[in-house]
Amino acid sequence: MFQDVLQQLIPSKEDILHIQSCADKIVSKLKVKDAKVVVGGSFAKDTWLKGKKEVDLFVAFDYKKYADKSEVISNLLKKALEKNFKFETLHGSRDYYRVLIGDVTFEIVPILEIKKAEQAKNITDVSPLHTKWVKKHKKQNEIRLAKAFAYAHHVYGAETHVKGFSGYALEVLVIYYGSFLSFFRNAAKWKGKTVLDPGRLLKNPLMELNASKTQSPLVVVDPVDKTRNVTAVLSGENYKRFIFVCKKLLKKPSAKLFEVEKEKIPKGALIVQVSMKGKTDAVGGKLSSLFSKVKRHLILEGFAVKNSRFVFEEKALFWFTFKEKVLPATIVVKGPPVS
């Protein structure tokens, strides 16, 4: 069954050649002094899924020259792009750029060329080291199955509005457990807080990692960078959701579980549809924050929220279910004792 699913996920030779041809067009025209352009992300690792036409390109600047002034490399890349390309500016820990070549979207990211994680001035600097680590383990097709499954159940993506597993997190987990099935068998047994250290880099991850990086229910020490938890953004809800669908798959394996699951909104739920304008990543982050505020205020007003979810697909929706839909006409507020 899994082999049949896999055949739908592996890009064809034509797909690979097409994307490589588009990447070559950028590489040939993008000339940046003291820097080189390298293909990165899931395309470079060969863990991308058929039909996905989004590629990361890293412009790696000379470390010795820019280590002490890495804040300027985004602007240097922007000036180089302005000579030959139409692009969109995206804001992150460093500004990066989106270029469309035919039907392929490229995100062009400025980084410092480093040899070890300790040299990084920004988390994106480590990305080529991630690529190198994943490629040497040769688990590409096992990883594709994990990514497709996570995507089907809306837990794939480290963006603020998703709070799921990043592609790299899934790559690390599959490699750590040895295979797609072993990963899922173990994930089905996760309980409470789970701590993993695939590279065996720390004696006590919860004590040695920065406290801000151990708040997630799943802590996975980056095998390339021991200061980082690759699942730091994973929400408790998505952690539980993933455990549940893993159990479901193991109990009754089915190719249908790799098809995108339509969001099921409980009958009788309060549904709020939110209008949105702007770039997907930025809007998603703002809506995620708004959803949390609405939920918090509902609870402050006395509504016991039973279940809730932020859906960000064709439309942006918030939905909530409550233990009681109508609050009592009066409530008793206890004051201090007369004594």
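Only a predicted model underlies this, so the values are computations on that prediction, with no experimental measurement involved. (Residues numbered from 1 in each chain as written. Predicted model: local features only at pLDDT ≥ 70, side-chain atom pairs only at ≥ 80, totals over all residues. Heavy atoms only, no water.)

## As for the overall build of the chain
Helices and strands together make up the secondary structure of the chain, namely 12 helices and 10 strands. In terms of overall dimensions, the chain is globule-like: its C-alpha atoms have a radius of gyration of 23 Å, near the 20 Å expected for 339 residues. Burial analysis of the chain (339 residues in total) assigns 45% to the buried set. Once local pairs closer than 6 in sequence are excluded, the contacts in the chain between residues at least 24 apart make up 62%. Placing the 61 positive and 35 negative side-chain charges of the chain at their respective mean positions leaves the two points 4 Å apart. (Helix = DSSP H or I, 4+ residues; strand = E, 2+ residues; numbered from the N terminus. Rg over C-alpha atoms; globule rule 2.2 N^0.38 Å. Buried < 20%, exposed > 50% of the residue type's maximum accessible area, 1.4 Å probe, protein only. Contact = heavy atoms within 4.5 Å. Lys, Arg positive; Asp, Glu negative; His and termini not counted. Charge placed at Lys NZ, Arg CZ, Asp CG, Glu CD.)

## Quick word on the environment of serine 212
In this fold, serine 212 is placed in the loop between α10 (205-208) and β7 (218-220). For serine 212, a relative accessible area of 53% translates into the label exposed. Between the C-alpha atom of serine 212 and that of alanine 232, which follows or precedes it by 20 residues, the distance is 8.5 Å. At 2.8 Å, the side chain of serine 212 and the side chain of asparagine 210 are in polar contact. (Polar contact = N/O pair within 3.5 Å; in protein donor to acceptor, adjacent residues only side chain to side chain.)

## Re the pattern of salt bridges
Under the defined criterion, the tally for this structure stands at 12 salt bridges. In this structure, glutamate 237 and arginine 309 form a salt bridge, with 3.0 Å as the shortest nitrogen-oxygen distance. With glutamate 237 in helix α11 (residues 236-251) and arginine 309 in strand β9 (residues 305-312), this pair connects stretches of sequence that are 72 residues apart. Salt bridges sharing partners connect three or more residues here, namely Lys45, Lys147 and Glu171. (Salt bridge = Lys/Arg side-chain N within 4 Å of Asp/Glu carboxyl O.)

## Digging into helix α8 (residues 167-177)
Within α8, 10 of the 11 residues are buried, which leaves it mostly tucked inside the rest of the structure. Within α8, burial applies to Gly167, Tyr168, Ala169, Leu170, Glu171, Val172, Leu173, Val174, Ile175 and Tyr177. Turning to α8, the residues buried within the fold contact α3 (41-45), α6 (127-137), α7 (140-152), α9 (180-187), β6 (194-196) and β7. Two residues or fewer after α8 comes glycine 178, characterised by a positive phi angle close to 100 degrees.

## Some words on the packing of aromatic side chains
This structure, assessed with the given rule, holds 25 aromatic pairs. Centre to centre, the rings of phenylalanine 291 and phenylalanine 320 are 5.5 Å apart; their planes meet at 20 degrees, and the pair counts as stacked. Placement of the pair is phenylalanine 291 in helix α12 (residues 280-300) and phenylalanine 320 in strand β10 (residues 316-322), with a sequence separation of 29 residues. Per residue, the accessibility class of phenylalanine 291 equals that of phenylalanine 320, and both read buried. (Phe/Tyr/Trp six-rings, centres within 6.5 Å; stacked < 30°, edge-to-face > 60°.)

## Quick word on the nonpolar core
In this structure, Leu30, Phe106, Ile108, Phe183, Trp190 and Phe242 are the most contacted members of the largest nonpolar core, which totals 70 residues. Among the elements that make up this core, the one with the highest residue count is α8 (8 residues). Of all hydrophobic cores here, the second largest spans 12 residues; its members include Val283, Phe310, Phe312 and Ala316. (Core = buried A, V, L, I, M, F, W, Y, C linked by side-chain atoms within 4.5 Å.)

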